[in-house]
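Descriptive analysis of the structure
Take a look at the letters that make up each chain.
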Amino acid sequence: MSTTTTVEPGDTTTVVVGLDPVAPTVRDADHLAEILGDVLSRLGRDDAVVSTHLVPGEVGASSHVALSVRWTAAPPTSADLARILAALRPALAPQTGAASPDEIGLAAPGTRGGYPRLADSAARAAADAEAGRDGRAVVYPGRPRLTGTVTVADALAWSAIDEVVGLADVVVGPETLLVTREHVRPVWRTGRLVLVVQPAAGGTVVPYETATPTPCCADHG
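Residues numbered from 1 in each chain as written. Predicted model: local features only at pLDDT ≥ 70, side-chain atom pairs only at ≥ 80, totals over all residues. Heavy atoms only, no water.

**Quick word on the packing of helix 1 (residues 26-42) against helix 2 (residues 78-92)**
When two helices pack together, their arrangement is given by the angle between the helix axes and the distance between those axes. Where helix 1 contacts helix 2, the two axes come as close as 10 Å, and the packing angle between them is 145°. Between helix 1 and helix 2 lies a crossing of right-handed hand. Facing helix 1, whose interface residues are Leu-32, Ile-35, Leu-36, Val-39 and Leu-40, helix 2 presents Ile-84, Ala-87, Leu-88, Ala-91 and Leu-92. Per-class residue counts for the contact of helix 1 with helix 2 are 10 nonpolar, no polar and no charged. (Axes fitted to C-alpha atoms, helices over the stretch in contact; angles between N-to-C directions. Helix = DSSP H or I, 4+ residues; strand = E, 2+ residues; numbered from the N terminus. Left-handed = near helix turned anticlockwise from the far one by under 90°. Contact = heavy atoms within 4.5 Å. Nonpolar A, V, L, I, M, F, W, Y, C, P; charged D, E, K, R; others polar.)

In structure tokens form, the structure reads like this:
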């Protein structure tokens, strides 16, 4: 399960919450991520990154998608964290098959909730997000600015994306034009948010993921 780190006063720590609402598809998970983003923004957490995580199905069962929420800030008080946690599952429940918010898997610093197997998958999503080793970011700082065509330098300066890499032999430089197609989903790789791009017309690049990804392509970086 994700935990907070002991820090000195004035330092910051990374807080991660895993949630498993059993989203059946990436598109469904994206919708739920947007809901979480709106809730977090109202709670003053515009710095949060909301990511999707593929959960392999057990024998005879389909895979589904879980979510993580990660932010870095001054160590939250128990009251601050409780206020955020209290808002997340109730916001998701009406959009899922859960009969109540308490059924949704939850893993957060010092607490777990929901059905045990969903709490387990939520904990795995949280651990992957905390380590920055897996997950696909849907909501992240600066994403609203990534519309139309922007330079790679601006995409890096304006958003939480750490790096833009091209497939195969595609060379990407600061002045390379990125045609966003209003769908920019970086993935977690070794603690960094990395946007994978492919070549497009006129020497531009576009995000490798399209607006209608398949789960296997979208959730593995």
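**Topic: the confidence of the model for the chain**
Confidence along the chain averages 90 in pLDDT terms, with 90% of residues attaining 70 or more. Per-residue pLDDT stays below 50 along residues 1-9; that stretch engages in 20 contacts with residues further than four places along the chain or on separate chains. The low-confidence segment residues 214-221, where pLDDT is below 50, has 18 contacts with residues more than four positions distant or belonging to other chains. (pLDDT = per-residue confidence, 0-100.)

**Considerations on helix 1**
Along its 17 residues, helix 1 runs 24 Å from first to last C-alpha, staying within 8% of the 24 Å computed at 1.5 Å per residue. Along helix 1, the residues classified as buried are Val-26, Ala-29, Asp-30, Leu-32, Ala-33, Ile-35, Leu-36, Gly-37, Val-39 and Leu-40. Positive phi appears at Gly-44, one or two residues downstream of helix 1, with a value of about 85°. (Expected span 1.5 Å × (residues − 1). Buried < 20%, exposed > 50% of the residue type's maximum accessible area, 1.4 Å probe, protein only.)

**Describing the environment of Ala-107**
Mapped onto the elements of the fold, Ala-107 is located in strand 4 (residues 105-108). Judged by relative accessible area, Ala-107 falls into the buried class, the value being 0%. Distance in space between the C-alpha atoms of Ala-107 and Pro-141 is 23 Å, their sequence separation being 34 residues.

**What to know about the pairing of strand 1 (residues 13-23)**
The buried fraction of strand 1 amounts to nine of the 11 residues, a majority that puts the element mostly inside the structure. Where strand 1 lies against strand 4, three bridges are found, and the strand directions are antiparallel. Counterpart to Leu-19 in the pairing with strand 4 is Leu-106. (Pairing = 2+ DSSP bridges.)

**Regarding the pattern of salt bridges**
Counted according to the given criterion, the structure contains nine salt bridges. Arg-185 serves as the salt-bridge partner of Asp-30, at 3.3 Å between the closest nitrogen and oxygen. Within this pair, whereas Asp-30 is found in helix 1, its partner Arg-185 is found in the loop between strand 9 (177-179) and strand 10 (187-189), the two being separated by 155 residues in sequence. What makes Asp-30 buried here is its relative accessible area of 10%. Residue class for Arg-185 comes out buried when judged on its relative accessible area of 12%. A salt bridge links Arg-133 to Asp-128, with the shortest nitrogen-to-oxygen separation between them at 2.6 Å. Overlapping salt bridges, with partners in common, bring together Asp-30, Arg-136, Arg-185 and Glu-209 in one network. (Salt bridge = Lys/Arg side-chain N within 4 Å of Asp/Glu carboxyl O.)

**Thoughts on the nonpolar core**
Core analysis: the largest hydrophobic core is formed by 31 residues, its most contacted members being Val-17, Leu-19, Leu-36, Val-69, Trp-71 and Leu-88. Within the residue set of this core, elements represented by two or more residues are strand 1, helix 1, strand 3 (64-73), helix 2, strand 4 and strand 6 (136-139). Ranked by residues supplied to this core, first place goes to helix 1 with eight residues. The contact partners of Val-69, leaving out residues within four places of it in the chain, are Val-15, Val-16, Val-17, Leu-19, Leu-36, Leu-40, Ala-48, Val-49 and Val-50. Formed by 16 residues, the second largest nonpolar core is a distinct cluster that contains Val-49, Leu-146, Val-152 and Val-164. (Core = buried A, V, L, I, M, F, W, Y, C linked by side-chain atoms within 4.5 Å.)

**Focus on the side chain of Thr-96**
Mapped onto the elements, Thr-96 comes out in the loop between helix 2 and strand 4. On the accessibility criterion, Thr-96 (18% relative accessible area) is buried. In terms of polar contacts, Thr-96 uses its side chain to reach the backbone amide nitrogen of Ala-98, at 3.1 Å. With sequence-adjacent residues up to four places away left out, Thr-96 is seen in contact with Pro-21, Leu-32 and Ile-104. (Polar contact = N/O pair within 3.5 Å; in protein donor to acceptor, adjacent residues only side chain to side chain.)

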